[in-house]
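Descriptive structure summary
Below, each chain spelled out in residue letters.
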Amino acid sequence: MSANPASGAAPEGGLLAILVNFAPFIVVFILFYFLLIRPQQRRAKAHAESVSAIKRGDTVVLSNGMIGKVTRVEDQEAMVEISQGVNVRVLKNMVAEVRGKGEIAAANDKS
């Protein structure tokens, strides 16, 4: 029978037992944070910085794989020359990678 018949089934260990049961979940969450979440946040921050720093003359890779040279930069859009005489307007956040930095342009065209 039980050791304390008046109280029925007494909890064994109390708070310490609860912490021991949840410790593996806490450790797994900490591992996920340092191995998955934190590196992804760093990559996203670095990508956002490189996209916001796009300037005329940079070579960029678009999200669909096209490689082109930036000819004009606006607030949310950029004009990219993907072939000689073929310019396309793209959203800046659709730029996957800024490959090579071109020469520093005197000023970005607004026209």
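Presented here is a report on the structure given in the accompanying data block. (Residues numbered from 1 in each chain as written. Predicted model: local features only at pLDDT ≥ 70, side-chain atom pairs only at ≥ 80, totals over all residues. Heavy atoms only, no water.)

**Notes on the side chain of lysine 92**
Among the secondary structure elements, lysine 92 is positioned in the loop between β4 (86–91) and β5 (95–98). Of the side chains with opposite charge, aspartate 75 lies nearest to the buried lysine 92, which makes no salt bridge, at 6.6 Å. Apart from residues lying up to four places away in sequence, lysine 92 is in contact with Val51, Ser52, Val73, Glu74, Asp75, Gln76, Glu77 and Ala78. (Helix = DSSP H or I, 4+ residues; strand = E, 2+ residues; numbered from the N terminus. Buried < 20%, exposed > 50% of the residue type's maximum accessible area, 1.4 Å probe, protein only. Lys, Arg positive; Asp, Glu negative; His and termini not counted. Salt bridge = Lys/Arg side-chain N within 4 Å of Asp/Glu carboxyl O. Contact = heavy atoms within 4.5 Å.)

**Here we look at the pattern of salt bridges**
Taken as a whole, this structure holds 4 salt bridges when the rule is applied. Note that arginine 72 is salt-bridged to glutamate 74, the shortest N-O span being 3.3 Å. Two residues, glutamate 97 and arginine 99, come together in a salt bridge whose shortest N-O distance is 3.8 Å. Residue classification places glutamate 97 among the partly exposed residues on the basis of a relative accessible area of 40%. The exposure class assigned to arginine 99 is exposed, which follows from its relative accessible area of 52%.

**With respect to the pairing of strand β1 (residues 59–62)**
As defined by bridge partners, β1 adjoins strand β2 (residues 67–73) across 3 bridges and the pair is classed as antiparallel. Within β2, the position partnered with threonine 59 by the bridge is lysine 69. What sits between the antiparallel neighbours β1 and β2 is a turn of 4 residues, in which glycine 65 has the positive phi angle 100 degrees. Relative to β5, β1 is paired through 3 bridges, and the arrangement is antiparallel. Opposite leucine 62, over in β5, you have valine 95 as the bridge partner. (Pairing = 2+ DSSP bridges.)

**Considering the side chain of aspartate 58**
Counting through the fold element by element, aspartate 58 comes out in the loop between α1 (15–52) and β1. Judged by relative accessible area, which is 0%, aspartate 58 ranks as buried. For aspartate 58, the side chain forms a polar contact with the main-chain nitrogen of lysine 55, separated by 3.0 Å. (Polar contact = N/O pair within 3.5 Å; in protein donor to acceptor, adjacent residues only side chain to side chain.)

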